[in-house]
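A look at the structure
What follows is the residue order along each chain.
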Amino acid sequence: MKINRLIYVLIFISGWALGQKSISLSGFPQDKIMVVAHRADWREAPENSVMAVKKAIEKGVNMVEIDLALTKDNVLILMHDTTIDRTTTGKGKPSDYTLEEIKKLYLKDGLGVPTQMQVPTLEEILDVTQGKVFINLDKAFDYFDRVYPILKKRNLFDQVLFKGTAMYEEFDKKYGTIKNEIHYMPIIRLAAGEGWPKINDYLNHYQVYGFEFTLGSDESHLINFKEIEKRGARVWVNSLWPQQSAGHNDDLVLENPDVYNWFVENNINIIQTDRPKELIDFLKRKKLYSSVK
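Residues numbered from 1 in each chain as written. Predicted model: local features only at pLDDT ≥ 70, side-chain atom pairs only at ≥ 80, totals over all residues. Heavy atoms only, no water.

Per an unreviewed UniProt entry, the protein chain goes by the name Glycerophosphodiester phosphodiesterase and belongs to Chryseobacterium piperi.

As structure tokens, then:
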């Protein structure tokens, strides 16, 4: 009887452990388009909140993009702005408050109305996302020394995507010793004059997960993304606003869902969106959607 119980416990623990490792950025299908929810699903819950992440998971998004900040007592929390004024009932910088003080405030919804939800810590978000959805950590490299041990302890490097604007030499100087443990995505600002020199500098020295491109409001800065994919990197473009996606933005989809065809035709295989439901519906029709598992 005791042996049977031991076997049962071991099977349970093994199943739990496998469940925690069941999603993999490395294993996401190359022939599918990854859906990223901007600040999680902020239309249904306050941006960067636990509930916004849960709503994104319910919709079937592949990844949630979240923003990090640091409290006065050095706890990583989710916050996009340099101040807490817009998104909470408080005023000032995140670093003006201890976590205990931050937790006494309430998050505001998209209309600026206070809710009963609190600012989450990174750890609280990871409790929700682990094994269920990928994470893109924005502004995380400002706090990389604090983020790294948290992810390492949880064995989450294959579920989290870092990004940054640094040239390769700067990136390598700061993170060369651990760069092969993490997934990293350089940001290429095509409309600001960045392009192939920065792209090739990374591709010639490091296996990036992909590149995030900002295109400007028209297609004059567009490059051939197919060449990048041939070299094993994915292509991320934001459909959030016209100035990021050469005018092919989310709001147009409300009248014409096929606006997303432009992304497919231009070999873009990661899309960050403010309208995850509409994008997922489109990708399912085109047989270009895949769940994370």
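Picking up after the structure, the text goes on.
What follows is about the pattern of salt bridges. Considering all chains together, one arrives at 19 salt bridges under this definition. A salt bridge links Glu47 to Arg39, with the nearest nitrogen and oxygen atoms 3.3 Å apart. With relative accessibility at 12%, the residue Arg39 sits in the buried group. Across the pair Asp41 and Lys59 runs a salt bridge whose closest N-O atoms are separated by 2.6 Å. Taken together, the residues span a long stretch of sequence, with Asp41 in the loop between strand 1 (34-37) and helix 2 (50-59) and Lys59 in helix 2 at a distance of 18 residues. Of the residues examined, Lys59 reaches a relative accessible area of 23% and is grouped as partly exposed. (Salt bridge = Lys/Arg side-chain N within 4 Å of Asp/Glu carboxyl O. Buried < 20%, exposed > 50% of the residue type's maximum accessible area, 1.4 Å probe, protein only. Helix = DSSP H or I, 4+ residues; strand = E, 2+ residues; numbered from the N terminus.)

Before going further, it helps to examine empty space enclosed by the protein. Summed over all chains, the structure comprises 1 cavity of 30 Å³ or more. Here the largest cavity defines a volume of roughly 30 Å³. Together, Leu126, Thr129, Gln130, Val133, Ile135, Leu156, Gln159 and Val160 line the largest cavity. In the lining of the largest cavity, the residues fall into 5 nonpolar, 3 polar and no charged. (1 Å grid on protein atoms, 1.4 Å probe; cavity = no way out; pocket = protein on both sides within 12 Å on 5 of 7 lines; lining within 4 Å. Points joined across faces, edges and corners; volume = space filled by probe spheres on them. Nonpolar A, V, L, I, M, F, W, Y, C, P; charged D, E, K, R; others polar.)

To continue, consider helix 2. Listed in full, the buried residues belonging to helix 2 are Ala52, Val53 and Ala56. In a view along the axis of helix 2, the buried residues occupy a sector of 100°, so they form one face of it. The inward-facing, buried residues of helix 2 contact strand 1, strand 2 (63-70) and helix 4 (122-129). Within two residues after helix 2, Gly60 carries a phi angle of roughly 95°, on the positive side. (Arc of directions from axis to C-beta. Contact = heavy atoms within 4.5 Å.)

Attention now goes to unusual backbone geometry. Positive phi is not limited to glycine here, since Asn155 has a value of about 60°. In this fold, Asn155 is placed in the loop between helix 5 (144-154) and strand 5 (160-164). Positive phi is not limited to glycine here, since Asn267 has a value of about 60°. Overall, Asn267 belongs to the partly exposed group, its relative accessible area being 25%.

Looking at the element boundaries, Arg154 is found in helix 5. Polar side-chain contacts of Arg154 include one of 2.8 Å to the side chain of Asp127. Not counting residues up to four positions away in its chain, the partners in contact with Arg154 are Glu123, Leu126, Asp127 and Gln130. (Polar contact = N/O pair within 3.5 Å; in protein donor to acceptor, adjacent residues only side chain to side chain.)

In this numbering, the UniProt entry assigns the feature "domain: GP-PDE" (unreviewed entry) to residues 33-283. Counting secondary structure, residues 33-283 comes out at 27% helix and 18% strand; the distance between its end C-alpha atoms is 8 Å. (UniProt positions renumbered as here; feature names shortened; annotations may be inferred.)

For the rest of this paragraph, the subject is the packing of aromatic side chains. Two descriptors summarise a pair of aromatic rings, namely the distance from one centre to the other and the angle between the planes of the rings. Within this structure, the stated rule accounts for 18 aromatic pairs. Relative to Phe263, the ring of Tyr260 lies with its centre 6.1 Å away and its plane at 50°, an arrangement referred to as tilted. The pair formed by Tyr260 and Phe263 is uniform in burial state, with each residue classed as buried. The positively charged end of Lys284 is found above the aromatic ring belonging to Tyr289, 5.3 Å away from the centroid. (Phe/Tyr/Trp six-rings, centres within 6.5 Å; stacked < 30°, edge-to-face > 60°. Lys NZ or Arg CZ within 6 Å of the ring centre and 35° of its normal.)

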